[in-house]
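What follows is the residue order along each chain.
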Amino acid sequence: MAQADIRAFLTEVAGPDAAARASADYLTQEARRHIPAGRIAEWVAACRSLEQAGLGNAVILAYVRQSPVVARIAGADAAIALADHVKTIAFTAGRAAAQALPAAAAAAASRLDSADRYKAWLAVVLRFAPHMKESVEALLRHTDHILSRLDVSRFEAWTLGGIRIAGGDKERRRLFFAFGDPAAERSLLRESGEVVFSDLERRLKTYLTALWRVRVAVREAAVGVGRPIPRRASFDAGVVRMPASFPGVPQAQANDLFRAALAHIAAHLMYSGPRFRPGSLKPLQIALVSLIEDARVEHLAMRDFPGLRRLWLPFHAAAAAGTVTAPGLMARLSRALIDPDYDDDDDFVAKGRRMFFEREADWEDPTISRGIGNLLGNDLGQMRVQFNAKTYVVEPAYRDDNAGLWDFEDAPPEDMDVAEMFESVRIAPKQEDEPEPDDSKQDNAPDTPINKARPSDSTPEEEGVPVARYPEWDYAVAQERPEWTTLVEYPPAPGPAAVVERILEGRPDIVNRITALVRSARVSRPVRLRRQPEGDRLDLDACIDAVITQRHGDTPDPNVYMTSARKFRDLSVLVLLDVSQSTNDRVKGSRETVLELEQEATALLAHAMNEVGDPFAIHAFCSNTREEVRYMRIKDFQTPYDNMAKSYLAGLTGQLSTRLGAAMRHAGEDLRNQMTHRKLLLVVTDGEPSDIDVQDRKYLVEDARKAVASLSQQGIDVFCVGLDSGGDSYLTRIFGRRNALQIDRLSSLPEKLPMLYFRLTA
């Protein structure tokens, strides 16, 4: 096709758009430069196919402008095929998303710089688009930002995470992919491989307690919608808030940076006095007073812990060179006040260092910071150096934003917006992580939740207490999503304890038989029995004694063998009961419900274990999305099996759904602390793992399977009794064929459960 023909087509497409018509020559040149001459006709046909599809000139022009970029990197085939993908996205997610796709494709091709990686990115977009129709445009418009941090596989994991976080909430999903939800940026940081606060939270809190012998609330800084992500730590009202990460800091330094930031704030908490009133101070003076206060508390801390200098000093990298600006001079002064080997001939830096160390005898007095900082602020103001309070960020990176040093409530500085002084000066109130319900990625995932995971109309009146967060395995990207589920412990509701007594009284023969079987089981570490008349190996010491005796002319002892035996009981058992809504269903051919059978079987087993003195616990669980996995402690290991425990067992009611993996992880924490030879988690469930925020049937099955594998690695045996006759496939998938018992006749559960216990422990 001649160049004039291409230009005529582009002018036709541009229509009345004067800017587009003016750029027709440029677009023509770009097309002919990056698309081979033999493929130009196909490219124009692709353009016309968009016109024939009725997508509008805006979509066509977006394709015309961006497809040559795709052709340059990924090839002409990819550029021409992009037109079909634009039509697919238009059909799936609307015209606005279709218009955004060409620019996103060009950005992806440029960022990924590989035809194969570009095609992999596009495949991810096309696969997920049907499950996030309202969010495709937002995802595409942020493609460059996302791919600047992630490769294709991590892009896939991040996108799937966003779908799972939002669950079935379309508005929340739209906010996530538009980066209006703070969880989006947090997830991006984690997927990018940066060290994030949540990964270090426990160690940092332990470090703070060990260093200063204080316990302070340390939390991740909340990110408000539309606000910049905090880049510095902060503290206020006894709460320390750490940024989710320190972008751009190498992983090798990130751990030390988090520790340095926490140690610095601890120095403020230990040595800073009441918060300063700004009065008539200008922003520059406030920044310098804060700088001097930072140096003062650090020197006091280093008096007590000299090693802190080695922690803080590497982050002071300011050099005595470069353009003279207020932030630059303040960074140089900060280094001069902590690094005795740093030389800086600048008059301002030299004066600040001299004034600070001349007052060494007064370092215990916080007011010297205001005096020195005020004078230095006047000097710096007279130098006419640039200082922008809106963009100023405290250096070095481990120092906090200084918001905790100032009380702006009653007397804000004249002509200054406090929120503009430092980027992080606003201290947002503590916000719990937004709910992140789970959704699925399976290619043919249904659009509605599984029917079995239905909510209950009745919920306990008591408020639950969140006690832990656990990861959840996402089989689709083969990785654990950390801190994905929240375990909320609820107090169990009491019921009539006489119900349990009636169960025992109604089946005395079974009670006696089960107790005898349990009592006969020997579960312990093997004990070596020496000097035995027979055994599987020789007892070396006995053999030596026999030879010595024989050489003395005496008759040797014939007991020269050794064997092993289990003589004691050394077992802990935790029975974990599924009390989801489906356990309220009546057993076919019976007037009893599944839950009543669970209670009956547990009562029989608990009585037997209590009679022989085995340490055991009974817990129950159900779930209401990943935000609230409810957990009830009927009996703990350290509590007696008394009327109160029996009352709690009788008071169980079925409600909500079955998020099995999280419940098993929480139960495993209790078992892991038991000091017994063998630890057994016995799960009783009536159905496939499910929840109302999960559409992919395979997702929670694979998570439960991963939880079982993790517990096994910790030395915890996990066994399951399944009460759903159609669930054999998923039970064996989760627990293994030898570790799952499927009961076809639910009425046999009260006898089968104790028998299973005996088989496992014999």
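What this report covers is the structure whose coordinates are included nearby. (Residues numbered from 1 in each chain as written. Predicted model: local features only at pLDDT ≥ 70, side-chain atom pairs only at ≥ 80, totals over all residues. Heavy atoms only, no water.)

1. Some points on a negative patch on the surface
Definition in use: Surface patches are defined over residues having more than 30% relative accessible area and no salt bridge, joining like charges when they lie within 9 Å and nonpolar side chains (Val, Leu, Ile, Met, Phe, Trp, Tyr) when within 5 Å. Shrake-Rupley sampling with a 1.4 Å probe provides the accessible areas, and residues are treated as covered by the protein chains on show and by no other component. One side-chain nitrogen of Lys or Arg within 4 Å of one carboxyl oxygen of Asp or Glu is enough to make a salt bridge. The positive count covers Lys and Arg only, the negative count covers Asp and Glu only, and His and the chain ends enter neither. Charge coordinates come from a single atom per side chain, which is NZ of Lys, CZ of Arg, CG of Asp or CD of Glu. Helix numbers and strand numbers start at the N terminus; a helix is a DSSP run of H or I with at least 4 residues, a strand a run of E with at least 2.
On the surface, a cluster of negative charge is contributed by Asp-341, Asp-343, Asp-345 and Asp-347. Looking at the element boundaries, Asp-345 is found in the loop between helix 18 (326–338) and helix 19 (347–358).

2. Concerning unusual backbone geometry
Residue Glu-395 is joined to Pro-396 through a cis peptide bond whose omega torsion reads 0°. One can find Pro-396 in the loop between helix 20 (367–382) and helix 21 (418–421). Phi angles above zero are rare outside glycine, and Phe-179 is one such case at about 60°. With respect to the secondary-structure elements, Phe-179 resides in the loop between helix 12 (170–177) and helix 13 (182–191). Located in the positive-phi region is Arg-384, a residue other than glycine, with phi close to 60°. On the secondary structure map, Arg-384 appears in the loop between helix 20 and helix 21.

3. Section: the packing of helix 11 (residues 152–166) against helix 13
Rule in force here: For helices, the axis comes from a line fit to the C-alpha atoms of the stretch in contact; other axes are also lines fit to C-alpha atoms, and the angle between any two N-to-C directions lies between 0 and 180 degrees. For this classification, under 35 degrees means roughly parallel, over 145 means roughly antiparallel, 65 to 115 means roughly perpendicular, and everything else is oblique. Each crossing gets its hand from how the near helix is turned against the far one by less than a right angle, where anticlockwise is left-handed and clockwise is right-handed. Contacts are residue-level and defined by heavy atoms, with any inter-residue pair within 4.5 Å sufficient.
Direction vectors running N to C along helix 11 and helix 13 enclose 150°, while the axes themselves pass 10 Å from each other. Taken as axis vectors, helix 11 and helix 13 run roughly antiparallel relative to one another. Relative to helix 13, the crossing made by helix 11 is right-handed. Residues Arg-154, Ala-157, Trp-158 and Ile-165 of helix 11 pack against Ala-183, Ala-184, Ser-187, Leu-188, Arg-190 and Glu-191 of helix 13.

4. Description of a nonpolar patch on the surface
Convention followed: Type-normalised accessible area, obtained with a 1.4 Å probe on protein chains alone, sets the label of each residue: buried when under 20%, exposed when over 50%, and partly exposed for intermediate values.
Together, Leu-540, Ile-544 and Ile-548 make up a nonpolar patch on the protein surface, roughly 290 Å² of accessible area in all. Topologically, Ile-548 is positioned in helix 24 (residues 540–551). Exposure remark for Ile-548: the relative accessible area of 43% places this residue in the partly exposed category.

5. Describing the pairing of strand 3 (residues 239–242)
Going by this rule: Here, strands pair whenever DSSP counts at least two bridges between them.
Side-chain alternation along strand 3 places Val-239 and Arg-241 on one buried face and Val-240 and Met-242 on a second face that is also buried. The pairing of strand 1 (residues 217–220) with strand 3 spans four bridges and is classified as parallel. Among the inter-strand pairings, Ala-217 is bridged to a residue of strand 3, identified as Val-239. Sheet analysis places strand 2 (residues 234–236) next to strand 3, joined by three bridges and oriented antiparallel. Bridged to Asp-236 within strand 3 is Val-239.

6. So, the sheet that holds strand 1
Ordered in space as 1-3-2, the three strands form an open sheet in which the pairing is mixed. Looking at strand neighbours, the two that pair on one side only are strand 1 and strand 2, the edges of this open sheet. Taking the axes of each pair of neighbouring strands and ignoring which way they run, one obtains an average angle of 25° across the sheet. Against the sheet, helix 15 (residues 251–271) makes contact with strand 1, strand 2 and strand 3, and its axis sits at roughly 155° relative to strand 3, the strand it touches most.

7. Topic: the environment of Glu-360
Relative to the helices and strands, Glu-360 is located in the loop between helix 19 and helix 20. Note on Glu-360: relative accessible area 38%, which makes it partly exposed. The spatial distance from the C-alpha of Glu-360 to the C-alpha of Arg-296 is 8.9 Å, given a sequence separation of 64 residues.

8. So, the sheet that holds strand 9 (residues 571–578)
The strand order across the open sheet formed by eight strands is 4-5-11-10-9-12-13-14, and the pairing between neighbours is mixed. The sheet terminates laterally at strand 4 (465–474) and strand 14 (740–742), the two strands that pair on one side only. On average, each strand axis in the sheet is inclined to that of its neighbour by 25°, with strand direction left out of account. Both strand 4 and strand 5 (residues 479–490) contribute to a ladder of eight bridges, which runs antiparallel. Bridge pairing links Ala-468 to Leu-487 in strand 5. Sitting on the sheet, helix 27 (residues 660–672) touches strand 4, strand 5, strand 9, strand 10 (616–623), strand 11 (629–635), strand 12 (678–685) and strand 13 (716–722), and the angle it makes with strand 4 is about 115°.

9. Things to note about the environment of Thr-676
Put simply, the rule reads: The term polar contact refers here to a pair of N or O atoms within 3.5 Å; inside protein, the definition further demands a hydrogen-donor-capable atom paired with an acceptor-capable atom, and it admits residues adjacent in sequence only when both atoms are side-chain atoms.
With respect to the element layout, Thr-676 can be found in the loop between helix 27 and strand 12. Separated by 61 residues in sequence, Thr-676 and Pro-615 have C-alpha atoms that sit 9.2 Å apart. Of note is the side chain of Thr-676, whose polar atom sits 2.9 Å from the side chain of Ser-572.

10. Topic: the pairing of strand 9
On a regular strand, each side chain points to the face opposite its neighbour's, so the side chains alternate between the two faces of the sheet. Strand 9 sits mainly inside the fold: eight of its eight residues count as buried. Side chains of strand 9 alternate between two faces, with Leu-571, Val-573, Val-575 and Leu-577 and Ser-572, Leu-574, Leu-576 and Asp-578 buried alike. With seven bridges connecting them, strand 9 and strand 12 associate as parallel partners. Residue pairing for strand 12: Val-573 is matched across the bridge by Leu-680. Here strand 9 pairs with strand 10 via six bridges, running parallel. Within strand 10, the position partnered with Asp-578 by the bridge is Phe-621.

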